[in-house]
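Coordinates in review
For reference, the chains in residue letters:
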Amino acid sequence: MEISVRAPLDMHLHLRDGEMLRLVAPMSAADFAGAVVMPNLVPPVASVEAMQEYRGRVLAAGKEPEFYALMTLFFREYTEEELLRAKETPGFFGIKLYPAGVTTNSEQGVGNMASAEPTLRLMEQLGIPLLVHGESHGFVLDREEEFLPVYRSLAAKFPRLRICMEHISTAAAVKLLDEYENLCATITLHHLLLTLDDVMGDKLRPHLFCKPIAKREADREALLTAALGGHTRVMFGSDSAPHPREAKECCGCAAGIFSAPVALPRLAQLFALHGAVDKLQGFVSDNARRIYGLHVPEKKVTLRDEPMQVPESYRGFGQKVVPLDAGEELGWRVVERI
Ligand code: DOR
Ligand code: ZN
């Protein structure tokens, strides 16, 4: 069996910088037509200049001249002039808001949502999408649900602001999509596959540790139903978040799952298993293109139900990073990219 996807997009991707960027960017650029690149570098990408320079490094590292790198700015209070300049900058996509301290490199995020409102109002007026990491500081399993009132209030206060709930992990977040037309969401591969039991039910699996953490089976099922059922406001966003192996296999493991090299084959396998291959195109491309009005370069990626051996790790440029499904044999692989 073969599936072809046109212009696959990864709507939530961490590429890092420097050596790690050079190791991982070609993997996403090979399988995807484009990606939304997260700004949580150290220091964060919080100026138009830093974003332009970072985009240059991303495109150089990706080695695919056509790769559609959609760049994001780290949310802070921006002036109208800054936002107008961002809007005119090639490759600019939107602004990513992190509540302060909830995930990797988010220390400089927003402490008080009220202070964010003038910038959000300007973004609404200028048609700049808002992307939100929706977690609170509460009990780990409740962090997303406790954040849902913030989404509600943003969606109601800024009805013309396009708000993306980045990598939702709960049934409650899926349900919230029905309440407000201006909300959409990205869903990762790992939240479609894993529950908290996989992360720590038996042994603690550091390579499956991410934020938001994988939750209950009912949550996974709700996410699956949305993705496989062709929900028009959910999009694939891998949240592939590489950390050096020693930062994962240690005391104080960093949050993040590196899924970029297996993302498309594993998605094809999952959609085929559930008899939903006709819904893959919408999930990995069409919904995002329609929601954001994107004009993505032509690219067709064909997958076939043949074995793919996933390496134990990917190495290069002095880096070593362990992927999702390391050492496993997947049932699908990419056979053509044109
Ligand atoms: O698991 C995660 N890793 N979640 C995030 O929100 C950030 C990411 C990272 O940058 O490592
Ligand atoms: Zn992320």
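Anything mentioned here points back to the structure above.
Residues numbered from 1 in each chain as written. Chains lettered and ligands numbered in written order. Predicted model: local features only at pLDDT ≥ 70, side-chain atom pairs only at ≥ 80, totals over all residues. Heavy atoms only, no water.

A word on the overall build of the protein
Scanning the protein from N- to C-terminus turns up twelve helices and 15 strands. A globule of 338 residues ought to have a C-alpha radius of gyration of about 20 Å, and the protein, at 18 Å, matches this closely. Overall, the protein is about 50 × 40 × 40 Å in size when its C-alpha atoms are taken along their principal axes. Taken over 338 residues, the protein has a buried fraction of 57%. Restricting to contacts in the protein with at least 6 residues of sequence separation, those with at least 24 account for 73%. (Helix = DSSP H or I, 4+ residues; strand = E, 2+ residues; numbered from the N terminus. Rg over C-alpha atoms; globule rule 2.2 N^0.38 Å. Buried < 20%, exposed > 50% of the residue type's maximum accessible area, 1.4 Å probe, protein only. Contact = heavy atoms within 4.5 Å.)

Concerning the nonpolar core
The biggest cluster of nonpolar side chains holds 120 residues, and the ones touching the most others in it are L130, L267 and F283. Of all the elements, helix α1 (residues 18-31) adds the most residues to this core, at seven residues. Residues in contact with L267, not counting those within four places in the same chain, are L189, L192, F236, L280, F283 and V284. (Core = buried A, V, L, I, M, F, W, Y, C linked by side-chain atoms within 4.5 Å.)

Overview of the packing of aromatic side chains
Summed over all chains, the structure comprises seven aromatic pairs. Centroid distance F32 to F236: 6.1 Å. Interplanar angle 15°. Geometry classified as stacked. Taken together, the residues span a long stretch of sequence, with F32 in the loop between α1 and β3 (34-37) and F236 in strand β9 (residues 234-236) at a distance of 204 residues. Exposure class is identical for F32 and F236. Each is buried. Ring plane angle 25° and centroid distance 5.7 Å describe the contact between F271 and F283, whose orientation is recorded as stacked. Here the residue F271 occupies a position in helix α11 (residues 263-273), and F283 occupies one in helix α12 (residues 280-292), the gap between them amounting to twelve residues. Here the two residues F271 and F283 agree in accessibility, since each one is buried. (Phe/Tyr/Trp six-rings, centres within 6.5 Å; stacked < 30°, edge-to-face > 60°.)

Remarks on the site of ligand 1
The environment of ligand 1 is made up of 14 residues, and the closest members are R16, N40, T103, K211 and H243. Residue R16 places a side-chain N or O atom 2.7 Å away from an oxygen atom belonging to ligand 1. One of the side-chain N or O atoms of T104 is found 3.2 Å from an oxygen atom in ligand 1. Judged by the fraction of its atoms near the pocket grid, ligand 1 is located in the largest cavity. When its residues are assigned to classes, the shell around ligand 1 shows three nonpolar, eight polar and three charged. (Near = heavy atom within 4 Å. Polar contact = N/O pair within 3.5 Å; in protein donor to acceptor, adjacent residues only side chain to side chain. 1 Å grid on protein atoms, 1.4 Å probe; cavity = no way out; pocket = protein on both sides within 12 Å on 5 of 7 lines; lining within 4 Å. Sits in = over half its atoms within 2 Å of the grid points. Nonpolar A, V, L, I, M, F, W, Y, C, P; charged D, E, K, R; others polar.)

Some words on the pairing of strand β1 (residues 2-6)
Residues I3 and V5 line the buried face of β1, whereas the alternating positions E2, S4 and R6 sit on a face that is not buried. Inspection of the sheet shows β1 paired to strand β10 (residues 300-304) by five bridges, in the antiparallel sense. Directly across from E2, in β10, lies its bridge partner R304. (Pairing = 2+ DSSP bridges.)

What about the side chain of D239?
Mapped onto the elements of the fold, D239 is located in the loop between β9 and α10 (245-248). K96 provides the closest opposite charge to the buried, salt-bridge-free D239, at an N-O distance of 6.2 Å. Polar contacts involving the side chain of D239 include one to the side chain of H14, which spans 2.8 Å. In this structure D239 touches D10, H12, H14, H167, T188, H190, K211 and I257, once residues within four positions along its chain are discounted. (Lys, Arg positive; Asp, Glu negative; His and termini not counted. Salt bridge = Lys/Arg side-chain N within 4 Å of Asp/Glu carboxyl O.)

Description of the environment of S153
If you trace the backbone, S153 turns up in helix α5 (residues 143-157). Between the alpha carbons of S153 and L196 there is a distance of 29 Å; along the sequence they are 43 residues apart.

Examining the pattern of salt bridges
A side chain with one charge can pair with a side chain of the opposite charge if their charged atoms come near. All chains considered together, the criterion is met by 17 salt bridges. Its salt-bridge partner being E19, residue R22 comes within 3.2 Å of it at the nearest N-O pair. Linking R22 with E19, this pair stays in helix α1, spanning three residues, or about one helical turn. A residue is classified by how much of its surface remains accessible, and R22, at 41% relative accessible area, is partly exposed.

Section: the coordination of the zinc ion (ligand 2)
Coordination sphere of the zinc ion (ligand 2), protein contribution only: H12 (NE2), H14 (NE2) and D239 (OD), at 2.0 Å. Donor residues for the zinc ion (ligand 2) sit on one chain with the sequence pattern H-x1-H-x224-D. Of this pair, H14 sits in the loop between β2 (9-13) and α1 while D239 sits in the loop between β9 and α10; the two residues are 225 residues apart in sequence, bridging distant segments of the chain. (Donors = N, O, S within 2.8 Å, 3.2 Å for Na, K, Ca; no water.)

Section: the state of the cysteines
For the structure shown, the criterion picks out zero disulfides. With no disulfide partner, C164 has as its closest neighbouring cysteine sulfur the one in C184, 3.8 Å distant. Cysteine C250 is unpaired, with the sulfur of C253 as its nearest cysteine sulfur at 6.1 Å. For C250, a relative accessible area of 36% corresponds to the partly exposed category. (Disulfide = S-S within 2.5 Å.)

Thoughts on α11
In terms of residue burial, α11 counts as a mostly covered element, since eight of its eleven residues are buried. Residues A263, L264, P265, R266, L267, A268, L270 and F271 constitute the buried set of α11. Backbone geometry just downstream of α11 places G275 in the positive-phi region, at approximately 65°.

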